[in-house]
Amino acid sequence: MPVIEISDLSDPRLADYAHLTDVALKKARGTEHGLYIAESALVLERALRAGHRPRSVLTLGNTAPEARALVGEDVPIFVGPGALLAELTGYVLHRGVIASMHRPELPDPESLLAGARRIVILENVSDPTNVGAIFRSAGAIGADAILVTPRCSDPFYRRAIRVSMGTVLQVPWTRVGDWPSTRALLTRHGFHLAALALTTDAVSLRDFPGHEHERLALLLGAEGEGLTPDALAASDTVVQIPMKHGIDSLNVAAASAVAMWAFSG
């Protein structure tokens, strides 16, 4: 398939890139599970390595050969000057390549946990920047899987993917339902649920024997609101990171990295 020079921004084949929100992409017609946008050749490469399918690629002229080498001959590649692409997308393509990707079907939670030892659960973390940063830490430090609750920001949102440097495409994840069903899921798979929260009965992270638990789940809540009462009630242990200088907490993404490192043994 030849590289296609963009001459008309109303071309319906460019609709995936035309100022669409993440929500609109998720509901894109003609797709089974919706679409997401992969920005940069690095993220595209990680998406392809994860088995995700591109619908098309949009590039600056000098990056078209690199994109073609990644996606092969059967995927349409659209190319144009930076100013025209910025008019189409609403932002400057600093990294030269973006791709419209088919969202994969999310895995079944039972199968995801079958071989996992260390997992992370995100309850209602609404900021995609924090979601992306947590996924990046999980990928680097070594969480086996991530579960996200219904009100948690979508890890396939463009900002979450960008902040994570594509690790949301590498770390297995899926959505779970309410706390009774999620607690039952964790119990079936033998997970000890450790919630990171500021409560009067919280155990210091220094004193929590994470290494003694064969299977351990780290539970993180939203900035400000923290974990819900239902989440805390479902937890086996509440843990907090010791602080100095009168500071009571860290940003949830920073806290996740500290706790994951402590639990990684």
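Described in the following lines is the structure provided in the data block.

### Considering the overall build of the protein
A tally of helices and strands in the protein yields 10 helices and 12 strands. In terms of overall dimensions, the protein is globule-like: its C-alpha atoms have a radius of gyration of 20 Å, near the 18 Å expected for 265 residues. Along the first, second and third principal axes, the C-alpha set of the protein runs to 65 × 40 × 30 Å. Contacts in the protein between residues far apart in sequence, at least 24 positions, make up 78% of those at least 6 positions apart. Carbon together with sulfur atoms contributes 53% to the accessible area of the protein, which is approximately 12,500 Å² in total.

### Considerations on the pattern of salt bridges
Under the counting rule described, the total for this entry stands at 10 salt bridges. The partner of Arg162 in a salt bridge is Glu39, and the shortest N-O contact between them spans 2.8 Å. Here the residue Arg162 occupies a position in helix α7 (residues 158-163), and Glu39 occupies one in strand β2 (residues 35-39), the gap between them amounting to 123 residues. Of the residues examined, Glu39 reaches a relative accessible area of 11% and is grouped as buried. Arg183 serves as the salt-bridge partner of Asp236, at 3.0 Å between the closest nitrogen and oxygen. Taken together, the residues Asp236 in the loop between α9 (229-234) and β12 (237-240) and Arg183 in helix α8 (residues 179-188) connect sequence positions 53 residues apart. Assessed through its relative accessible area of 42%, Asp236 is described here as partly exposed.

### A few points about the nonpolar core
Counting 46 residues, the largest nonpolar core has Leu122 and Ile146 as its most contacted members. Sort the elements by how many residues they give to this core and helix α10 (residues 252-263) lands first, with six residues. If we skip the residues at most four places from it in the chain, Ile146 touches Leu112, Val120, Leu122, Phe135, Ala138, Val171, Pro172, Trp173 and Thr174.

### A look at the packing of aromatic side chains
Applying the stated criterion across every chain, the model contains four aromatic pairs. Consider the rings of Tyr36 and Phe156, whose centres lie 4.8 Å apart with planes at 5 degrees: the pair is stacked. Linking Tyr36 in strand β2 with Phe156 in the loop between β7 (145-148) and α7, this pair joins segments that are 120 residues apart in sequence. For the pair Tyr36 and Phe156, one class covers both residues: buried. Between the aromatic rings of Phe135 and Trp173, the centroid separation amounts to 6.5 Å while the plane-to-plane angle is 85 degrees, which identifies the pairing as edge-to-face. Highlighted residues: Phe135 in helix α6 (residues 128-141) and Trp173 in strand β8 (residues 173-175), separated in sequence by 38 residues. Since its relative accessible area comes to 0%, Phe135 is described here as buried. Chaining the aromatic ring pairs together yields one cluster made of Tyr36, Phe135, Phe156 and Trp173. Across from the ring centre of Tyr91, 4.2 Å away, lies the NZ or CZ of Arg158, which sits over that ring.

### As for the layout of surface pockets
Taken as a whole, the largest pocket holds about 440 Å³ of empty space. In terms of lining residues, the largest pocket is bounded by 23 residues, among which Leu196, Ala197, Leu198, Gly226 and Ser249 are the most central. Sorting the residues of the lining of the largest pocket by element identifies β12 and α10 as the ones contributing at least two each. In terms of residue class, the lining of the largest pocket is built from 13 nonpolar, seven polar and three charged. Roughly 160 Å³ of volume is contained in the second largest pocket. If you tally residues by element for the lining of the second largest pocket, the top one is α7, at three residues.

### Some thoughts on the packing of helix α2 (residues 41-49) against helix α3 (residues 64-71)
The geometry of a pair of packed helices is captured by two quantities: the angle between their axes and the separation between those axes. Across the interface, α2 lies against α3 with an axial gap of 10 Å and an inter-helix angle of 10 degrees. For the element pair α2 / α3, the angle class is roughly parallel. Contact with α2, carried on its side by Ala41, Leu44, Glu45 and Leu48, involves Glu66, Leu70 and Val71 of α3 and no other residues of that element.

### So, α6
Over its 14 residues, α6 runs 20 Å from end to end, which matches the ideal 20 Å to within 8%, given 1.5 Å per residue. Those residues of α6 that sit buried are Pro128, Asn130, Val131, Gly132, Ile134, Phe135, Ser137 and Ala138. Structurally, α6 contributes buried residues whose contacts are with β6 (118-122), β7, α7, β8, β11 (216-220) and α10. Residue Asp127 occupies the N-cap position of α6, its side-chain oxygen lying 2.8 Å from the main-chain nitrogen of Thr129. Backbone geometry just after α6 places Gly142 at a positive phi near 120 degrees.

Definitions and limits used
Residues numbered from 1 in each chain as written. Predicted model: local features only at pLDDT ≥ 70, side-chain atom pairs only at ≥ 80, totals over all residues. Heavy atoms only, no water. Helix = DSSP H or I, 4+ residues; strand = E, 2+ residues; numbered from the N terminus. Rg over C-alpha atoms; globule rule 2.2 N^0.38 Å. Contact = heavy atoms within 4.5 Å. Areas by Shrake-Rupley, 256 points an atom, 1.4 Å probe, with all protein chains shown as cover. Salt bridge = Lys/Arg side-chain N within 4 Å of Asp/Glu carboxyl O. Buried < 20%, exposed > 50% of the residue type's maximum accessible area, 1.4 Å probe, protein only. Core = buried A, V, L, I, M, F, W, Y, C linked by side-chain atoms within 4.5 Å. Phe/Tyr/Trp six-rings, centres within 6.5 Å; stacked < 30°, edge-to-face > 60°. Lys NZ or Arg CZ within 6 Å of the ring centre and 35° of its normal. 1 Å grid on protein atoms, 1.4 Å probe; cavity = no way out; pocket = protein on both sides within 12 Å on 5 of 7 lines; lining within 4 Å. Points joined across faces, edges and corners; volume = space filled by probe spheres on them. Nonpolar A, V, L, I, M, F, W, Y, C, P; charged D, E, K, R; others polar. Axes fitted to C-alpha atoms, helices over the stretch in contact; angles between N-to-C directions. Parallel < 35°, antiparallel > 145°, perpendicular 65-115°, else oblique. Expected span 1.5 Å × (residues − 1). Polar contact = N/O pair within 3.5 Å; in protein donor to acceptor, adjacent residues only side chain to side chain.

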